[in-house]
Each structure stands twice: as C-alpha cells, then as structure tokens.
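Structural characterization, general
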Amino acid sequence: MKNLLKVLLLALFAVVVFMPMNRISQLAYWSLFVLMFCILYLYYRTSYWVGEGDIASLLDSKVRYSVFCGKVPPMASEDLVRGRLVVTDTDVVLYQRYRRKGSPERAKEVWSIPIERIEKFSIGRVVGLRDGLILSLTDGDEARFTIFSMKKRKKAFTEALGWEHDEQ
C-alpha cells in the first residue's frame, strides 16, 4: 500500500511539474494538487499513525491518557519517532506503528518510563519551532515530545499522571 502511494505521489508530482498548464483546464490542473495532498495524507496515515485500537491488545492496564506525538531523538540529525504516547496506571509508554506479515499486532513499544521516575513536566519548545511536552526525569535526563496543542491538554495529562494541578 505504501509503495503504491509513493508511486502515485511521484507520478502526480511529475504531471504537475512537467505538464504545461495550458494543456488541460485550470480546474483539472488544480485538482491534481488536491489529489496529491490527499495521497500524501493517506501515506502519512499508513506510515505513522497509531490509533488507540492498535495498542489495545498490547496493554495490561487501563489507558488514562493517549495522544499522537513525535519523540525527539537525542541526536538532532535523526528523525522524530512518531507514535502514540500513552499514560497507564504505572507507566508512560510510546508505541510506534509496526506492521509485519502474519502478525496481528499493528504497534510496538519503543519507549517506556515508570511514572515515579518523572520529576516534573513542562510545556514549551522541544525542537525547532515545534511545541510540545518536556518530561524531566529523576536521573537528570529529559524526554521531549512534539504534541500539537499540548497547552490545552496540560490538565488532562496532569490528572493522568495522578498529580495535583498545583504541582506544575
């Protein structure tokens, strides 16, 4: 599926770039852009999106909070690890999209930390111009996640950790 979407995206890009605009109608030409963005969205969903249903079979405890995010890697040259950040009763876990033929699982755990190892959290710039969540850990390390509109989700995240609102 991903390979088909890549080929379609490349073909549409070539048509848009190399076909003169006066060869086809304006409506058809600009519709190609809309189609290209739709295919790009489908490619993103099939490559990175992890839904709550994808991780339901992997969890032993109840999900207290869940959000799609990107974990900022320690090296700036690496790409974000996109997936679903989940807060359970005892841990904060990041699941990434995972597909293998014959395997019923659609996600795998790529990062985990017990809640008691989180000293505090803050919301702000995590990488470049992206805002998100910064977890300060008891050993002095930090874990950074890009999360869209995290300021609005601060109260829900605090409650999911089992902390008082005044603590932050």
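Please refer to the structure higher up on the page.
What comes next is a walk through the structure. (Residues numbered from 1 in each chain as written. Predicted model: local features only at pLDDT ≥ 70, side-chain atom pairs only at ≥ 80, totals over all residues. Heavy atoms only, no water.)

The subject of this paragraph is the packing of aromatic side chains. A complete count under the given rule lists ten aromatic pairs for this structure. By the ring-pair criterion, three or more aromatic residues cluster together here, those being Tyr 44, Tyr 48, Trp 49 and Phe 68. Lys 71 extends its terminal NZ or CZ atom over the ring of Phe 145, reaching a point 5.9 Å from the ring centre. Across the ring face of Tyr 48, the terminal group of Arg 82 is positioned such that the distance to the ring centre comes to 4.8 Å. (Phe/Tyr/Trp six-rings, centres within 6.5 Å; stacked < 30°, edge-to-face > 60°. Lys NZ or Arg CZ within 6 Å of the ring centre and 35° of its normal.)

Our focus in this paragraph is the sheet that holds strand β7 (residues 142–146). Spatially, seven strands are ordered β4-β3-β2-β1-β7-β6-β5 in an open sheet, and the strand pairing comes out antiparallel. With one partner strand each, in any of the chains shown, β4 (107–114) and β5 (118–127) form the two edges of the open sheet. Sheet twist, expressed as the mean angle between neighbouring strand axes with direction ignored, is 35°. Both β5 and strand β6 (residues 130–137) contribute to a ladder of eight bridges, which runs antiparallel. Paired with Ile 118 across the two strands is Leu 137, which belongs to β6. Together, β1 (65–71), β2 (81–87), β3 (91–97), β5 and β6 form the strand contacts of helix α4 (residues 154–161), whose direction differs from that of β5 by roughly 150°. (Pairing = 2+ DSSP bridges. Helix = DSSP H or I, 4+ residues; strand = E, 2+ residues; numbered from the N terminus. Axes fitted to C-alpha atoms, helices over the stretch in contact; angles between N-to-C directions. Contact = heavy atoms within 4.5 Å.)

The subject of this paragraph is the pattern of salt bridges. This structure, assessed with the given rule, holds seven salt bridges. Linking Asp 54 and Arg 97 is a salt bridge whose minimum nitrogen-to-oxygen distance equals 3.7 Å. Taken together, the residues span a long stretch of sequence, with Asp 54 in helix α3 (residues 52–55) and Arg 97 in strand β3 at a distance of 43 residues. Residue classification places Arg 97 among the buried positions, given a relative accessible area of 16%. Residue Asp 89 pairs with Arg 64 through a salt bridge whose shortest N-O separation is 3.7 Å. (Salt bridge = Lys/Arg side-chain N within 4 Å of Asp/Glu carboxyl O. Buried < 20%, exposed > 50% of the residue type's maximum accessible area, 1.4 Å probe, protein only.)

Of note, Lys 71 is situated in strand β1. Taking the relative accessible area as the measure of exposure, Lys 71 reaches 14% and is therefore buried. Leaving out residues up to four positions away in the same chain, Lys 71 has contacts with Leu 80, Val 81, Leu 94, Trp 111, Arg 144 and Phe 145.

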